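Per-entry structural report
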Amino acid sequence: MPDSGVSRAQQEEHTHIPTKTGAAPGAPTGLTSPAARRAGLLVTLVLGGLTALPPLSMDMYLPALPEVTGSLHAPASTVQLTLTACLTGMALGQLVVGPMSDRWGRRKPLILGMIVYVVATAICAFAPSAELLIGFRLLQGLAGAAGIVISRAVVRDLYDGVEMARFFSTLMLISGVAPVIAPVIGGQVLRFTDWRGIFLVLTLVGVALTLVVWKWLHETLPESDRHTGGIGDALRTMRGLLADRVFTGYMVAGSLAFAALFAYVSASPFVVQEIYGASPQTFSLLFGINSIGLIAVGQINGKVLVGRVSLDKALGFGLVVISLAAVALLLMTSGVFGDVGLVPIAVGLFVLMSCMGLAMPNTNSQALMRTRHAAGSASALLGTSQFLVGAIASPLVGIAGERTAVPMAVVQVVCALSALACFLLMCRPWRTGTASPQGQPAAGG
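Note that the coordinates shown come from a computational prediction; the quantities given were computed from them, not determined experimentally.

Together, Leu92, Leu112, Val116, Leu138, Leu139, Leu142 and Leu388 make up a nonpolar patch on the protein surface, roughly 500 Å² of accessible area in all. If you list the elements that add at least two residues to the nonpolar patch, you get helix H5 (107-124) and helix H6 (130-158). The element contributing the most residues to the nonpolar patch is H6, with three residues. Tracing the backbone shows valine 116 in helix H5. Overall, valine 116 belongs to the partly exposed group, its relative accessible area being 31%.

Structure below.
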């Protein structure tokens, strides 16, 4: 297996855990001692749990969206703002927590964020109105952002090049289990309680993950590598990152692809249940199948393609297929082929979702390969961009009401084609100047 670019001594320094074997959490997979394998598995599971929490918070709640509209006497467009609020919070929270983690380390901001997440989620369970639920979801997103941004920064602390791309694909496998099982769990919870019970379950999950982080996730950013400046220094760092055309290209392309995905996430409960008359359990099953497709393609990317095919080629292919699937969905939902029914729509959504397994890990890897000394700030920009664009896409899918899927398909087409154009025009993958599959910057510009 290729070397991760992180020495054994660096691993010990990063994790601050002296061991007899020299292994540490996050140790490269090239270390073959049993202790090293256990340590690597442990940090993988912890980071996987942190990246799984946001989709868990979103997807367990999805089958309950139609019920929430009746319970709180609010229109669907207002209830969909509970998703927008959570996404907006996650976007803004990353922008704050990322630079904080570059200055004070990864562990303290993460634990603080997890505690606030637990409190906010518990409050959501008792929200008496849609407006208050929106406000508490915003707070939930602000706090939950810590897990998203810091998990990516920890990966950048410990890995580089091909190993980083593979680790992101592994995280996709772990975090991908969340959207597979979350709607199923949510649908089953609704059999015994109402939507408020879903937030109580999420509160317990948050408590458990907080305890795991407290006990097993150790510091990965040495004090010598931390930034000592204040807000001004953080803003200058981010401005420098945004001035990098290629970094910004990957960031925007990944964000637009994420928006196409989230257009599906926010609209699918109404499309599948209200338009096509499926039950919450059927919706959960279809959502789980689509998530399995995303996981499978992500693993093909990490286990088969990375190291054999350039990341840009895999990314470009994924964006092309996503665009074609979005166009097909628009043609079907607009009635060009007549009333096609649920099955063809489900197939189109499956293809679109699956190819996100090529788009998301490769945009993150290519962008972070260019940021060795500001991983927290870079991760914050990546996450903020993704969630802000997703938050904008969310209300647009319901702009024409609950009885048509055309707005969902239109948003997906616009986002997918824009992502492909941004990748081609800004990253210019046919030229030098972007990171190679081995993570070594090529010469030229």
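Once you've had a look at it, read on.
Attention now moves to the packing of aromatic side chains. For any pair of aromatic rings, geometry is given as the distance between the ring centres together with the angle between the planes. Under the counting rule described, the total for this entry stands at six aromatic pairs. On the numbers, 5.5 Å between centres and 15° between planes, the contact of tyrosine 264 with phenylalanine 287 is stacked. Residue tyrosine 264 is located in helix H10 (residues 245-275), and its partner phenylalanine 287 is located in helix H11 (residues 280-305); the two are separated by 23 residues in the primary sequence. Take tyrosine 264 and phenylalanine 287: they sit in the same class, and that class is buried. Members of the aromatic cluster, each reached through a chain of ring pairs, are Tyr61, Trp195 and Phe199. Here arginine 107 stacks its cationic end above the ring of tryptophan 214, 5.7 Å away from the centre of that ring. The ring of tyrosine 61 has arginine 137 sitting right over it, with the charged end atom 4.7 Å from the ring centre.

A side chain with one charge can pair with a side chain of the opposite charge if their charged atoms come near. Taken as a whole and assessed by the stated rule, the structure comprises two salt bridges. Between arginine 106 and aspartate 102 there is a salt bridge, with the nearest N and O atoms lying 2.9 Å from each other. The class of aspartate 102 is buried, set by a relative accessible area of 3%. Two residues, arginine 106 and aspartate 157, come together in a salt bridge whose shortest N-O distance is 2.8 Å. With arginine 106 in the loop between helix H4 (76-104) and H5 and aspartate 157 in helix H6, this residue pair connects regions lying 51 residues apart in the sequence.

Now for unusual backbone geometry. A positive phi angle, near 55°, is found at histidine 73, a position not held by glycine. Turning to its location among the elements, histidine 73 is positioned in the loop between helix H3 (65-71) and H4. On the basis of relative accessibility, which here comes to 72%, the residue histidine 73 falls in the exposed class. Residues other than glycine seldom take positive phi values, yet arginine 428 does so here, at roughly 45°. Here arginine 428 lies in the segment after helix H16 (406-427).

Moving on to the state of the cysteines. Per the counting criterion, the structure on display carries zero disulfides. Left without a disulfide partner, cysteine 427 is nearest to the cysteine sulfur of cysteine 422, which lies 6.1 Å away.

Residues Leu47, Leu133 and Met356 are the most contacted members of the largest nonpolar core, which totals 123 residues. With 19 residues, H10 is the single largest residue contributor to this core. Not counting residues within four places of it along the chain, the set of residues in contact with leucine 133 comprises Tyr61, Val68, Leu72, Thr82, Cys124, Ala127, Trp195 and Phe199.

Our next topic: the packing of H5 against helix H8 (residues 195-216). Each packed pair of helices is defined by two parameters, the angle between the axes and the distance between the axes. Two elements in contact, H5 and H8, have axes whose closest approach is 8 Å; the angle formed by their N-to-C orientations is 160°. The angle between H5 and H8 falls in the class roughly antiparallel. In the packing of H5 onto H8, the handedness of the crossing is left-handed. Residues Arg107, Leu110, Ile111, Met114, Ile115, Tyr117, Val118, Thr121, Ala122 and Cys124 of H5 form the contact with H8, whose participating residues are Trp195, Phe199, Leu202, Thr203, Gly206, Val207, Leu209, Thr210, Val213 and Trp214.

Here the focus is the packing of helix H12 (residues 311-333) against helix H13 (residues 342-354). Contact geometry for H12 and H13: axes closest at 8 Å, N-to-C directions at 160°. Taken together, the axis directions place H12 and H13 in an arrangement best described as roughly antiparallel. Here H12 runs over H13; the crossing is left-handed. Of the residues in H13, those touching H12 at Val321, Ile322, Ala325, Ala326, Leu329, Met332 and Thr333 are Pro344, Ile345, Gly348, Leu349, Val351 and Leu352. In the contact of H12 with H13, the residues fall into 11 nonpolar, two polar and no charged.

Looking now at helix H14 (residues 356-368). Here H14 contains 13 residues, and its C-alpha end-to-end distance of 18 Å stays within 8% of the 18 Å for a straight helix at 1.5 Å per residue. Of all 13 residues in H14, 13 are buried, a share of seventy percent or more.

Calculation notes
- Residues numbered from 1 in each chain as written.
- Predicted model: local features only at pLDDT ≥ 70, side-chain atom pairs only at ≥ 80, totals over all residues.
- Heavy atoms only, no water.
- Patch = residues over 30% accessible without salt bridge, like charges linked within 9 Å, V, L, I, M, F, W, Y side chains within 5 Å.
- Areas by Shrake-Rupley, 256 points an atom, 1.4 Å probe, with all protein chains shown as cover.
- Salt bridge = Lys/Arg side-chain N within 4 Å of Asp/Glu carboxyl O.
- Helix = DSSP H or I, 4+ residues; strand = E, 2+ residues; numbered from the N terminus.
- Buried < 20%, exposed > 50% of the residue type's maximum accessible area, 1.4 Å probe, protein only.
- Phe/Tyr/Trp six-rings, centres within 6.5 Å; stacked < 30°, edge-to-face > 60°.
- Lys NZ or Arg CZ within 6 Å of the ring centre and 35° of its normal.
- Disulfide = S-S within 2.5 Å.
- Core = buried A, V, L, I, M, F, W, Y, C linked by side-chain atoms within 4.5 Å.
- Contact = heavy atoms within 4.5 Å.
- Axes fitted to C-alpha atoms, helices over the stretch in contact; angles between N-to-C directions.
- Parallel < 35°, antiparallel > 145°, perpendicular 65-115°, else oblique.
- Left-handed = near helix turned anticlockwise from the far one by under 90°.
- Nonpolar A, V, L, I, M, F, W, Y, C, P; charged D, E, K, R; others polar.
- Expected span 1.5 Å × (residues − 1).

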